[in-house]
Amino acid sequence: MKNVTATAHPNIALVKYWGKRDTALNLPAVGSLSITLDTLETTTRVEFDDTLDVDRLELDGVTGGAGESRVSACLDLLRDIAGADTRARVVSSNNFPTGAGLASSASGFAALVVAADAALDLGLPPARLSELARRGSGSAARSIFGGFVEMHHGRRTDGADCIAEPLLPASEWPLAVTVGIVSKAAKAVGSTDGMELTRETSPYYSAWVDNAETDLQAARSALDTRDFEKLADVSEHSCLKMHALAMSANPGLMYWQAPTVAGINRVRALRRAGHAVFFTIDAGPQLKVVSLPGELPAVRDALTTIDGLQEIVHTGLGEGARVVAGS
Ligand code: DP6
């Protein structure tokens, strides 16, 4: 049996996905738009092995764990397509903190699907890989592709049109990303549970869904004209709306910590002073600052003096998920 290793990068959403229209098939209620990063990466080896009774996951050196059944369910989809029932050994590692709002599930499921597709000799097209990655984690559908990527919420009940598509390669608008790591601990409420709680309890949920298309249009148009200010406006607005929505769940979800808020204020001050920067935050406390590459020294200066910020990581825009080794 084949043994294939794939790598994938996390992505960060500029127009956010929060809420599902179908939990069983993991269909998002809203479209989203993201950038795929480089530097941060997940590397995953998948080896189908006739001697195994069950799928085995080793993540960052720890075997089993909560992710094993999600990984197995995702592999079932690929086995179904291949008409195979052999179980697999999956060894995966992240070069960044797992489950802490750095999109490890996005890069994780994208790498898994790409490695398993190759190990099973399926050769599925990228759109199909995106659909399968979405079943593992909605944001993973976007990490199949590099650069700027749009995820469609789709209309079909079977989710076949609920896939990501690349909008612009990284080289066409090579923005810089600075990640301010506030905490390396796994978050208390993960995205899946958090968005379900929000859908069930927030009085603002329908307004969020109704407004998503407006933000997507603005972001697409900012990309077309490489209008940084416009992208900054829509991205910060989408981020703040998503967090306000999460806070309005009952009980409210609060992903920020003090250094996250300090970071927002520093980035806003930079913007007011004319720098081409904006912030975004996913379901965790980490602050992500998107900028033109020439702004990196200013961003670093603004973040280094924030009390409690643990680490600053500079990265850029990267490629989609790909096979890196196989035999
Ligand atoms: C805040 O893709 O992790 O990062 O589909 O339940 O696995 P599941 O959720 P996930 O949610 C990502 C939420 C977000 C925003 C985004 O990436 O669009």
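Residues numbered from 1 in each chain as written. Predicted model: local features only at pLDDT ≥ 70, side-chain atom pairs only at ≥ 80, totals over all residues. Heavy atoms only, no water.

## Topic: the pattern of salt bridges
Counted only if it meets this: Between Lys or Arg on one side and Asp or Glu on the other, a salt bridge is scored when a side-chain nitrogen of the former is within 4 Å of a carboxyl oxygen of the latter. Only DSSP runs of H or I reaching four residues or more are called helices, and only runs of E reaching two or more are called strands; each is numbered from the N terminus.
As enumerated under the stated definition, the model contains 21 salt bridges in all. A salt bridge links Arg 87 to Asp 55; the nearest nitrogen and oxygen atoms lie 3.8 Å apart. On the criterion of sequence distance, the pair formed by Arg 87 in the loop between helix 1 (67–82) and strand 9 (88–94) and Asp 55 in the loop between strand 6 (42–48) and strand 7 (56–59) is long-range, its members being 32 residues apart. Counted as one network, the salt bridges with shared partners bring together Arg 45, Glu 47, Asp 49 and Arg 89.

## Some details on the sheet that holds strand 1 (residues 3–8)
Operational definition: A pair of strands is considered paired only if DSSP assigns at least 2 bridges between the two. Whether two residues are in contact is decided by their heavy atoms, any of which lying within 4.5 Å being enough. For helices, the axis comes from a line fit to the C-alpha atoms of the stretch in contact; other axes are also lines fit to C-alpha atoms, and the angle between any two N-to-C directions lies between 0 and 180 degrees.
Across the sheet, six strands lie side by side as 8-7-9-6-1-16; this open sheet has mixed pairing. Looking along the sheet, the strands with just one partner apiece sit at the ends: strand 8 (62–63) and strand 16 (322–326). As paired strands, strand 1 and strand 6 are joined by six bridges and run antiparallel to one another. Residue pairing across strands places Ala 6 opposite Thr 44, the latter belonging to strand 6. Relative to strand 6, helix 2 (residues 104–119) is tilted by about 35°, and along the sheet it contacts strand 1, strand 6, strand 9 and strand 16.

## Describing the side chain of Ser 202
Where we set the bar: Relative accessibility thresholds used throughout: buried, under 20% of the residue-type maximum; exposed, over 50%; partly exposed, between the two (1.4 Å probe, protein chains only). Contacts described as polar in this section are N or O atom pairs within 3.5 Å, which, within protein, must combine one atom able to donate a hydrogen with one able to accept it, while residues neighboring in sequence count only if both atoms come from side chains.
On the secondary structure map, Ser 202 appears in the loop between helix 5 (191–201) and helix 6 (205–225). Residue classification places Ser 202 among the buried positions, given a relative accessible area of 9%. A polar atom in the side chain of Ser 202 sits 2.6 Å from the side chain of Ser 248. Setting aside anything within four residues of it in sequence, one finds Ser 202 in contact with Leu 197, Leu 245, Ser 248 and Ala 249.

## Regarding the nonpolar core
As a reminder of what qualifies: In this description, a nonpolar core means a group of buried Ala, Val, Leu, Ile, Met, Phe, Trp, Tyr and Cys residues linked to one another through side-chain atoms lying within 4.5 Å.
Grouped together as the largest cluster of nonpolar side chains are 39 residues, with contacts concentrated most on Val 46, Phe 48, Leu 75, Val 90, Leu 112 and Ile 144. When residues of this core are traced back to their parent elements, those giving at least two are strand 1, strand 6, helix 1, strand 9, helix 2, helix 3 (126–136), helix 4 (140–143) and strand 10 (148–151). Once you skip the residues sitting within four places of it in the chain, Val 90 turns out to touch Thr 44, Arg 45, Val 46, Arg 56, Leu 57, Glu 58, Val 71, Leu 75 and Leu 112. Core analysis: the second largest hydrophobic core is formed by 33 residues, Met 242, Tyr 255, Leu 270 and Ala 298 among them.

## Let's talk about helix 9 (residues 296–304)
Test applied: Taken from the helix axis, the directions to the C-beta atoms give the arc we talk about.
Where helix 9 is concerned, the buried positions are Ala 298, Val 299, Ala 302 and Leu 303. Seen along its axis, helix 9 keeps its buried residues to an arc of 125°; they face one direction. Along helix 9, exposed side chains directed more than 90 degrees from the buried face belong to Pro 297 and Asp 301. Buried residues in helix 9 make contact with strand 12 (176–181), helix 8 (258–272), strand 13 (277–280), strand 14 (287–291) and strand 15 (311–316).

## Re the packing of helix 7 (residues 228–247) against helix 8
Quick note on the threshold: Here the angle decides the label: under 35 degrees means roughly parallel, over 145 means roughly antiparallel, 65 to 115 means roughly perpendicular, and every other value means oblique. Two helices crossing with the near one rotated counterclockwise from the far one by less than a right angle form a left-handed crossing, whereas a clockwise rotation gives a right-handed crossing. Residues are grouped as follows: Ala, Val, Leu, Ile, Met, Phe, Trp, Tyr, Cys and Pro are nonpolar; Asp, Glu, Lys and Arg are charged; all remaining types, including Gly, are polar.
It is at 13 Å that the axes of helix 7 and helix 8 come closest, and there the two elements cross at 155°. Taken together, helix 7 and helix 8 sit at an angle that is classed as roughly antiparallel. The chirality of how helix 7 crosses helix 8 is left-handed. Contacts between helix 7 and helix 8 pair Glu 229, Ala 232, Asp 233, Glu 236 and Leu 240 from the former with Val 267, Arg 268 and Arg 271 from the latter. Split into classes, the residues belonging to the contact of helix 7 with helix 8 amount to three nonpolar, no polar and five charged.

## Looking at the packing of aromatic side chains
For clarity, the cut-off: Pairing of aromatic side chains requires ring centres within 6.5 Å, counting the rings of Phe and Tyr and the six-membered ring of Trp. Pairs whose planes differ by under 30 degrees are stacked, by over 60 edge-to-face, and all others tilted.
The full count for this structure, using the stated rule, is four aromatic pairs. Aromatic side chains Phe 148 and Trp 173 sit 5.8 Å apart centroid to centroid with 20° between the ring planes, which places their arrangement in the stacked category. With Phe 148 in strand 10 and Trp 173 in the loop between strand 11 (164–168) and strand 12, this pair connects stretches of sequence that are 25 residues apart. By relative accessible area, which is 0% here, Phe 148 ends up buried. Residue classification places Trp 173 among the buried positions, given a relative accessible area of 8%. Each ring, one from Phe 228 and one from Phe 278, has its centre 5.4 Å from the other, and the planes form 50°; the classification is tilted.

## With respect to the pairing of strand 10
Side chains Phe 148 and Glu 150 of strand 10 all project onto a buried face; the interleaved residues Val 149 and Met 151 project onto the opposite face, where all are buried too. Note: strand 5 (residues 32–36) against strand 10, four bridges, orientation antiparallel. Paired with Ser 34 across the strands is Val 149, a residue of strand 10.

## A look at the site of the ligand
Let me state the cut-off plainly: For each residue, the test is whether any non-hydrogen atom lies within 4 Å of the molecule or strand; if one does, the residue is near. A domain assignment, automatic or from a database, supplies the domain bounds used here.
Every one of the 18 residues lining the ligand counts as a neighbour, but Lys 20, Ser 137, Gly 138, Ser 139 and Thr 192 are closest to it. In this structure, an oxygen atom belonging to the ligand sits 3.5 Å away from a side-chain N or O atom of Ser 191. With respect to the ligand, the side chain of Thr 192 contributes an N or O atom lying 2.7 Å from an oxygen atom. Element by element, the count of residues in the shell around the ligand is highest for helix 5, at three residues. Each residue belonging to the shell around the ligand can be placed in one class, and the counts come to six nonpolar, seven polar and five charged. Both domains that furnish three or more residues to the shell around the ligand are identified here as domain 1 (3–169) and domain 2 (176–316).

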